[in-house]
Every structure is written in C-alpha cells, then in structure tokens.
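Examination of the molecular architecture
Each chain, letter by letter, is given below.
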Amino acid sequence: MRYAWFSISILYLLTASAKADQFCFALAETYYEQVYCQLQAKAQTKGLPPFNQFKKNNEAVQASLLKRPAERNGIKLPSPARKTQATAAAIAPQKIITNPHVSTQTAIVNEPETVPMRNVKAESNKISGCELLGNQIRCRSRDFKSLGNKANHRLAKGALSIDNKMDLPKYQGGGLSQYLAQAYGMYIDKMCEIGLCGVTMTYGKFAYLYQDLHSKGLDFPQRFEIMYGFLKKDKATMGVSEATNVPKNLSMDECVAMTDTRYVCDHQGRNYIFESP
C-alpha cells in the first residue's frame, strides 16, 4: 500500500513537471489565442480544437471558432483587423536599444509586412569579451547564469498574490520602440518574479502582440494584467521543472544585454535568460 502511494506521488510530480511549459497564457502570441486561454481557464472550450491546433488557423477562422463561446462568457471579440502600414512602420524599422548603458547591443524587429514580426535579431559586440559556455555567459568582468522556472516555495512572499500586478505603463506617445523596450524589460522582471523565467515570450512576439492588440482597439497594459492574473493562478497549482537546458547551437549573436546584469537570447523563437548576481 505504501509502495502504491509512493508510485502515485511520483507520477503526480512527473505529470506536474511535464505541464510546466504548457501554461496556456505563456504560449499565447495573439489576442485570439489569449481569449482561447481565458475560455480554457473557465472550462468553456467545449467544441473548440486543442490549443496547438487552434493556433494553426488564420485569424478569420479563429474568430469564427471563438465567437459564440466568447459571447456566452462576456469576452470582447473584435473582428480581425488588418495591421496598418503606419503601425508596422512605427515598430519595425527602428533599432531598439534595450540597455541604454550598453550602446553596442541593439535589437531589430523585422518588418511584419514582409516577415512576421516574431524574431529579434541581435547585433553583438564582437570585442565584448563574452562567450557562451554551457548554461552560462562568461564575460571579462562577470558571469551570467541561465535562469529557468522556480518552484513556488522559492518565490518571494506574496509573489502569487492578487496584489502583485504586472503594471505595465500605458503608451503616452513619442518613441514607440523605446516604450516597447521599457515595457518588455518590466514584463521579463514580473515573469521571473512568479517563477516563470523559463517561459517568457521573445521581444519579437511581445512587440507583435502589442501590434495585434492595438489593431483591435484593445488596451495593451490591461491585457497583460489579465494574462498575469491567470498565470499566477496556474502557477499556484501547477508544478514546474527548474531545469535549464541551453541549446548547444545558441550563439551570442542571438543575445541582447537588456541591463548590466541580464542577457536575453532569442533562439528559434524561444527565450533564454541569463543573469548575474
């Protein structure tokens, strides 16, 4: 009997860890995908395809699939909106300096009219003296260790409470690129705060989501607040794996120094975060 209970406990832990990378809102890259996640959290996805299949449909099909369940649950569902040239131009052509103190590290968002704006291309300083060694970036003055997810017992007190907000600022005009860079840094901070450093979206996906929400007349900070609330609830009940597995072919050319103590690397559409104490 004791052996059976031990086996069940191990199975539960393995299952929980296997779900760690499956937080729906962490995988949502568009507003319609976020709506799907809201419906899933309310157990209202009857008749909808699995999330990974839903993502493969175009916007028109996704909107059609979501229309009735969204109406039943009081979720606003704007019609698909074509991304305007003005919005695309405001984000895409500019270099975004993610760390004002490291002028040689910049990120460029691709033009969405030609290439989907989901990747960040980093221009690395070839003489920076930094190199990737396994799960760390080693520089002349300090080392940066790879960050993954954290179990709940290792989080700061109150991290998963209702009072902990993402609190992204509203765009008040001016340089959109600078606004998005600032907001992205705050997003990374708040995701790591709840132990989800390992499932953050890349800068390209973050900027693309801004464009998608803007084109539908939706409030960008408010949507991220809703997302954060659902992620905290999921995190409180789901296990996570704390393992960090950096791809062997990750290159410093894919990394950007966001601050003096943090690098963010975008490899094949997935984020890898490195931090120095």
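From a predicted model like this one, the values you see are computed outputs, not experimental measurements. (Residues numbered from 1 in each chain as written. Predicted model: local features only at pLDDT ≥ 70, side-chain atom pairs only at ≥ 80, totals over all residues. Heavy atoms only, no water.)

Concerning the overall build of the chain
Helices and strands together make up the secondary structure of the chain, namely 9 helices and 9 strands. For the chain, the proportion of its 277 residues judged to be buried stands at 46%. A fraction of 65% describes how many contacts in the chain between residues 6 or more apart in sequence connect residues 24 or more apart. Summed over all atoms, the accessible surface of the chain reaches about 14,600 Å², with 54% contributed by carbon and sulfur. (Helix = DSSP H or I, 4+ residues; strand = E, 2+ residues; numbered from the N terminus. Buried < 20%, exposed > 50% of the residue type's maximum accessible area, 1.4 Å probe, protein only. Contact = heavy atoms within 4.5 Å. Areas by Shrake-Rupley, 256 points an atom, 1.4 Å probe, with all protein chains shown as cover.)

Topic: unusual backbone geometry
Phi at Asp167 takes a positive value of approximately 55°, unusual for a residue other than glycine. With respect to the helices, strands and loops of the structure, Asp167 is situated in the loop between β6 (143-147) and α7 (176-193). At Gln268, a residue that is not glycine, the phi angle is positive and equals roughly 55°. In this structure, Gln268 sits in the loop between β8 (262-267) and β9 (270-275).

Quick look at the pairing of β6
Pairing of strand β5 (residues 136-138) with β6, which is carried by 3 bridges, proceeds in the antiparallel orientation. Bridging from a neighbouring strand, Ile137 pairs with Phe144 of β6. Two successive antiparallel strands, β5 and β6, enclose a turn made up of 4 residues. (Pairing = 2+ DSSP bridges.)

Focus on the confidence of the model for the chain
Regions with low pLDDT should not have their predicted coordinates read in detail. Chain-level pLDDT for the chain is 81 on average; 75% of the residues reach the 70-or-more range. Confidence over residues 1-21 falls short of pLDDT 50; this stretch has 15 contacts with residues more than four positions distant or in other chains. Of the regions scoring below 50 in pLDDT, residues 84-127 engages in 109 contacts with residues more than four places distant in sequence or in other chains. (pLDDT = per-residue confidence, 0-100.)

Some details on the packing of α7 against helix α9 (residues 220-237)
Following both chains from N to C, one finds α7 and α9 inclined at 10°, their axes separated by 12 Å at the closest point. By the angle between their directions, the pair α7 and α9 is classed as roughly parallel. Residues Tyr179, Tyr187, Lys190, Met191 and Glu193 of α7 form the contact with α9, whose own contacting residues are Phe220, Pro221, Phe224, Met227, Tyr228 and Leu231. Residues of the contact of α7 with α9, tallied by class, amount to 9 nonpolar, no polar and 2 charged. (Axes fitted to C-alpha atoms, helices over the stretch in contact; angles between N-to-C directions. Parallel < 35°, antiparallel > 145°, perpendicular 65-115°, else oblique. Nonpolar A, V, L, I, M, F, W, Y, C, P; charged D, E, K, R; others polar.)

As for the environment of Phe206
Along the chain, Phe206 turns up in helix α8 (residues 203-215). For Phe206, a relative accessible area of 0% corresponds to the buried category.

Description of the sheet that holds strand β4 (residues 131-133)
On the basis of which strands lie adjacent, the open sheet formed by 6 strands has the order β4-β5-β6-β9-β8-β7 and antiparallel pairing. Both outer strands of the open sheet, β4 and β7 (255-259), are each paired with one neighbouring strand and no more. Pairs of neighbouring strands in the sheet enclose a mean axial angle of 30°, with direction left out of account. As defined by bridge partners, β6 adjoins β9 across 3 bridges and the pair is classed as antiparallel. Bridge pairing in β9 links Leu147 to Ile273.

Examining the packing of aromatic side chains
All told, the structure shown has 17 aromatic pairs when counted by the stated rule. Look at Tyr171 and Tyr179: their rings are 5.3 Å apart centre to centre, the planes differ by 50°, and that puts the pair in the tilted class. Residue classification places Tyr179 among the buried residues on the basis of a relative accessible area of 7%. The positively charged end of Lys216 is found above the aromatic ring belonging to Tyr32, 4.8 Å away from the centroid. Looking at Lys233, its charged tip hangs above the ring of Phe230, at a distance of 5.7 Å from the centre. (Phe/Tyr/Trp six-rings, centres within 6.5 Å; stacked < 30°, edge-to-face > 60°. Lys NZ or Arg CZ within 6 Å of the ring centre and 35° of its normal.)

So, the environment of His153
Mapped onto the fold, His153 is located in the loop between β6 and α7. Along the sequence, His153 and Gly195 sit 42 residues apart, while their C-alpha atoms lie 9.9 Å from each other.

Comments concerning the state of the cysteines
Applying the stated criterion across every chain, the model contains 4 disulfides. One disulfide bridge connects Cys192 with Cys197, the sulfur atoms lying 1.8 Å from each other. An S-S torsion of about 105° defines the bridge between Cys192 and Cys197 as right-handed. For the pair Cys192 and Cys197, a shared accessibility class is recorded, and that class is buried. (Disulfide = S-S within 2.5 Å.)

Structural notes on α7
A rise of 1.5 Å per residue sets the reference length of α7, with its 18 residues, at 26 Å; its end C-alpha atoms lie 26 Å apart and thus fit the reference within 8%. α7 sits mainly inside the fold: 13 of its 18 residues count as buried. Looking one or two places after α7, you find Gly195, whose phi comes out positive at around 80°. (Expected span 1.5 Å × (residues − 1).)

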